[in-house]
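Read off the chains here:
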Amino acid sequence: VLIEEIVDCRAIQGASWAVDLETTGLDPEKCEILTGAVSVGDQTWVGQVSSPEDLRKLADCLTHAQPLIVHNVRFEGAWIERHLGREIPAVRDTMLMAARVDPTKPVGLDACVTRYLPELAGYKAVTAGGMKDAASLPIKDLLTRNALDAYATKRLHDTLGVKLHEMGVSSETILEDSRLAMVVERMRIKGMWVSEEALRDLEVVCEKQKTTAVDAC
């Protein structure tokens, strides 16, 4: 994996690429981003987030991704919107993709990598511990783990994309599923509740009015 510091990602504008964040906790309203990584597969950028300028660099990178790939859009998307000031119009969630491929299996990133990317056998040893110990890791180890998570997410997206294509599931369906998940999380943070099933029903009604439930929310 080629890992570089985040400086300027405009050179790969228009590519589909993955982002992963390491944070001090689970709540984007109370916690902070420690590091951020983006990956196009053969190249991965990673950087420490310790100033407003670092946040700006990371936010600028996300602007050029079409679409953006994340694992668990409800988590990553909430942090991106809260701390980077970016809404995510086009996103593919590899966690939702994995659930579509096999809804009976665990869909955490570690589990998906073990199942679908056996060539990354050493992945778990580097990423073990999860977010609970992120703040206590030496910065070099944290940056490495962050970069590998982003790289694994991009590789997972490409692998699951092939499987979903073979199943007849379109990329547009995954994009819409991800957008719905993001809306549900956005509403949860605001103290509101709505089910994805209800939003899908609303889509049917909104379609006749040439709008969408996602846009309405």
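Residues numbered from 1 in each chain as written. Predicted model: local features only at pLDDT ≥ 70, side-chain atom pairs only at ≥ 80, totals over all residues. Heavy atoms only, no water.

1. So, the overall build of the chain
(1) Moving on: Secondary structure summary: the chain contains nine helices and six strands in total.
(2) Moving on: Scored against the burial criterion, the 217 residues of the chain give a buried share of 46%.
(3) Moving on: Taken as a whole, the chain presents about 10,900 Å² of accessible surface, with 54% of it coming from carbon and sulfur. (Helix = DSSP H or I, 4+ residues; strand = E, 2+ residues; numbered from the N terminus. Buried < 20%, exposed > 50% of the residue type's maximum accessible area, 1.4 Å probe, protein only. Areas by Shrake-Rupley, 256 points an atom, 1.4 Å probe, with all protein chains shown as cover.)

2. Focus on unusual backbone geometry
(1) Moving on: Even without being glycine, Asn 72 reaches a positive phi, approximately 85 degrees.
(2) Moving on: Of note, Asn 72 is situated in the loop between β5 (68-70) and α2 (73-83).

3. As for the pattern of salt bridges
(1) Moving on: Counted according to the given criterion, the structure contains five salt bridges.
(2) Moving on: With a closest N to O distance of 3.4 Å, Lys 105 and Asp 102 form a salt bridge. (Salt bridge = Lys/Arg side-chain N within 4 Å of Asp/Glu carboxyl O.)

4. Structural notes on the nonpolar core
(1) Moving on: Counting 22 residues, the largest nonpolar core has Val 19, Leu 21, Val 38, Leu 62, Ile 80 and Leu 84 as its most contacted members.
(2) Moving on: At the level of elements, β2 (17-23), β3 (33-39), α1 (52-63), β5 and α2 are the ones that each hand at least two residues to this core. (Core = buried A, V, L, I, M, F, W, Y, C linked by side-chain atoms within 4.5 Å.)

5. A word on the side chain of Glu 76
(1) Moving on: Mapped onto the elements, Glu 76 comes out in helix α2.
(2) Moving on: There is no salt bridge for the buried Glu 76, and the closest opposite charge comes from Arg 145, which lies 11 Å off by N-O distance.
(3) Moving on: Dropping the residues within four chain positions of it, Glu 76 is found in contact with Asp 20, Leu 21, Val 70 and His 71. (Lys, Arg positive; Asp, Glu negative; His and termini not counted. Contact = heavy atoms within 4.5 Å.)

6. With respect to the packing of helix α3 (residues 94-101) against helix α6 (residues 139-167)
Two measures define how a pair of helices packs: the angle their axes make with one another and the distance between the axes.
(1) Moving on: Here α3 crosses α6 at 35 degrees, and the two axes come no closer than 9 Å. The handedness of the crossing between α3 and α6 is left-handed. On α6, the residues that touch Thr 94, Met 97, Ala 98, Arg 100 and Val 101 of α3 are Thr 153, Leu 156, His 157, Leu 160, Gly 161, Lys 163, Leu 164 and Met 167. (Axes fitted to C-alpha atoms, helices over the stretch in contact; angles between N-to-C directions. Left-handed = near helix turned anticlockwise from the far one by under 90°.)

7. As for α1
(1) Moving on: For α1, built from twelve residues, the straight-helix expectation of 16 Å at 1.5 Å per residue is met to within 8% by its first-to-last C-alpha distance of 17 Å.
(2) Moving on: On its buried face, α1 sits against β2, β3, β4 (44-48), β5 and α2. (Expected span 1.5 Å × (residues − 1).)

8. Brief notes about the pairing of β3
(1) Moving on: Counting buried positions over the seven residues of β3 gives six, a clear majority of the element.
(2) Moving on: Relative to β3, β2 runs antiparallel, the two being bridged by six bridges. Each residue of the ladder has a partner; that of Thr 23, found in β3, is Ile 33.
(3) Moving on: Relative to β4, β3 runs antiparallel, the two sharing five bridges. Bridge pairing links Ser 39 to Thr 44 in β4.
(4) Moving on: Connecting the antiparallel pair β3 and β4 is a turn made up of four residues, with Gly 41 showing a positive phi of about 105 degrees. (Pairing = 2+ DSSP bridges.)

9. Notes on the packing of aromatic side chains
(1) Moving on: Within the structure shown, the criterion is met by one aromatic pair.
(2) Moving on: Look at Phe 75 and Trp 79: their rings are 5.9 Å apart centre to centre, the planes differ by 50 degrees, and that puts the pair in the tilted class. Taken together, the residues Phe 75 and Trp 79, both in helix α2 and four residues apart, mark about one turn of the helix. (Phe/Tyr/Trp six-rings, centres within 6.5 Å; stacked < 30°, edge-to-face > 60°.)

10. Some words on α6
(1) Moving on: In this model, α6 (29 residues) spans 41 Å end to end at C-alpha, consistent with the 42 Å of a helix rising 1.5 Å per residue.
(2) Moving on: Immediately beyond the C-terminal end of α6, within one or two residues, lies Gly 168, with a positive phi of roughly 85 degrees.

Geometry only, nothing functional implied.
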